[in-house]
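Structural characterization, general
Each chain is listed here by its residues.
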Amino acid sequence: MSRGGEKTGKAFLPKGEAVVEPPSRTLVWGLIAFGLVLNLMPWPDGLLWLVPDFALMMLLYWGIRMPRLAGLGLAFALGLVVDVERSLHLGLNALAFTAAAFVVLSLRRRLEKFDALRQTLQLAPVFVGKEALVLTLGLWFGHGESDWRWLAGGILAALVWVPLAWSLDRLTGRPVEPGE
Amino acid sequence: MSRTPQAPLFVREMGLPARFGMYALLSLLIALVDTRYDALEGARSSVNMVLHPVRAALAAPWDWFREVGGFFVTHGELQAENLRLSEERSRLLILQQDRQALAVENARLRNLLSLPERPGVVGVAAEILTMAADPFSRKVIINRGQTHGLVAGQPVIDGAGLVGQVTRLYPLTAEVTLLTDRDQGAPVLNMRNGLRVLVSGTGSDNLLEVRFLDMHADIKAGDLLYTSGIDGVYPAGIPVAEVVRTDPPRHTPFAKAVCRPIGGVGRFRQVVVLNVQTSVPAVPARQPGPRPTGARP
């Protein structure tokens, strides 16, 4: 009986042929939008500097897996929205997001072969570098003083990457390399 | 290996570095325009109009939780609070009577001296929604905006004293830069002796300072600083800060006074945005007289 149910119903985790099917455009953009929603959650006021940039993490995840759907253009647009969300000068996060996407897309071939744990070691400089770029650009564009605690958000993003990428791999059916 | 449907067979586009360079240049251009001009405020408001409902919807469960938590207070607590509030009310009523008498007397004296009237103050009550996630400055978002008649530059106070100033307007919300922001300042008056100084934020939540103070300036710990009203932004007489200590000049020719904000900067949720009616004194009509001649060699 259970075998019959498996044939007709759709499995929660993709199996067999479904694994080879690439994630749809709706799923990819939906999850990136979900990252933006996570950014907008009512985080405690005193700990805002510690909250990782979920929109960037989702963008880079899909940049590695589906570079055609999450490229530089999307990074730029997403960065502008994050600028509005954080009420910064427009363009600061846009540049930082594009730069992070550029680095990741250049290293894509290497990153997609790694599992989440090895990826995070390579992505940590990108996450911290993105925060550093925003803080430095802010100084340059005439904000008085930067709060360098915000770099901690980048480090936390690297830590959160492991469970995030692991669960996204499982939920959206990333093809498992035979070597892994 | 199966080909992904999104990938074109022949790629005809600029290389990755070239595209990155283009976007980077565009970002810098936008940042420059946004720093110098107001041209992009419309775009910012419209994106914010989309983000605001999402943020409000996400915050709603937390607010409900807090309200439900507030529902279960004991009878004893309510009674104690009621007693405290009625005591406070009678105390305030007495002060209010005194104040009315003083206001009438002040108006009469001003009339006698033919001084212009003090600007009136009307307020709009607002609630702080969130702290802005901004690593550069101290701002909060309040739930009143352009549609409620707010204007950029309006002072924001709470029950205790000055909180900050409205610095950016959206249709339904507004950004308030707190008094403790590094770039924020307020002209104040020392209540004890009428010394006029500028108090500025330090970027810390509970510290303000008076920079560039004369070495012999008469200001000491315990002094209360109220707005002086000479800038036309903040009306006179709002409590701003209490002096904690004064630092003698070290390395610089100026002394410094460290103060503590009196208003609940970053503590209270309810604030009032003041609608200051500034009365600009009329320019006296120039007397037609003989032009000074021969003054210039």
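Anyway, here's the lowdown on the structure attached to this text. (Residues numbered from 1 in each chain as written. Chains lettered and ligands numbered in written order. Predicted model: local features only at pLDDT ≥ 70, side-chain atom pairs only at ≥ 80, totals over all residues.)

**Structural notes on unusual backbone geometry**
- With phi around 45°, Ser87 of chain A is a residue other than glycine that occupies positive phi space.
- In this structure, His251 of chain B is a non-glycine residue whose phi angle is positive, near 70°.
- Mapped onto the fold, His251 of chain B is located in the loop between strand S10 (239-247) and strand S11 (255-261). (Helix = DSSP H or I, 4+ residues; strand = E, 2+ residues; numbered from the N terminus.)

**Quick word on helix H1 (residues 16-36) of chain B**
- For H1 of chain B, built from 21 residues, the straight-helix expectation of 30 Å at 1.5 Å per residue is met to within 8% by its first-to-last C-alpha distance of 30 Å.
- Taken together, the buried positions of H1 of chain B are Phe20, Tyr23, Ser27, Ile30, Ala31 and Asp34 of chain B. Axial view of H1 of chain B: buried residues confined to an arc of 100°, hence all on one face. Away from the buried face of H1 of chain B by more than 90 degrees, exposed residues Pro17, Ala18, Leu25, Leu29 and Arg36 of chain B are located.
- For H1 of chain B, the secondary structure elements touched by its buried residues are helix H5 (72-85) and helix H6 (92-106) of chain A. (Expected span 1.5 Å × (residues − 1). Buried ≥ 20, exposed ≤ 12 C-beta atoms within 10 Å, placed from the backbone. Arc of directions from axis to C-beta. Contact = placed C-beta atoms within 7 Å.)

**As for the interface of chain B and chain A**
- Chain B puts 39 residues into the contact, and the matching count from chain A is 40 residues.
- Within the residue set of the side of chain B that touches chain A, elements represented by two or more residues are H1, helix H2 (41-71) and strand S1 (121-131) of chain B.
- Here the side of chain B that touches chain A is built from residues that sort into 20 nonpolar, nine polar and ten charged. (Nonpolar A, V, L, I, M, F, W, Y, C, P; charged D, E, K, R; others polar.)

**Some thoughts on the pairing of S11 of chain B**
All names here are of chain B.
- Bridge analysis of strand S8 (residues 208-213) against S11 gives four bridges, and the strand direction is antiparallel. By the bridge assignment for S11, Leu213 is matched with Ala255.
- Looking at chain direction, S10 and S11 are connected through six bridges and run antiparallel. Directly across from Glu242, in S11, lies its bridge partner Arg260. (Pairing = 2+ DSSP bridges.)

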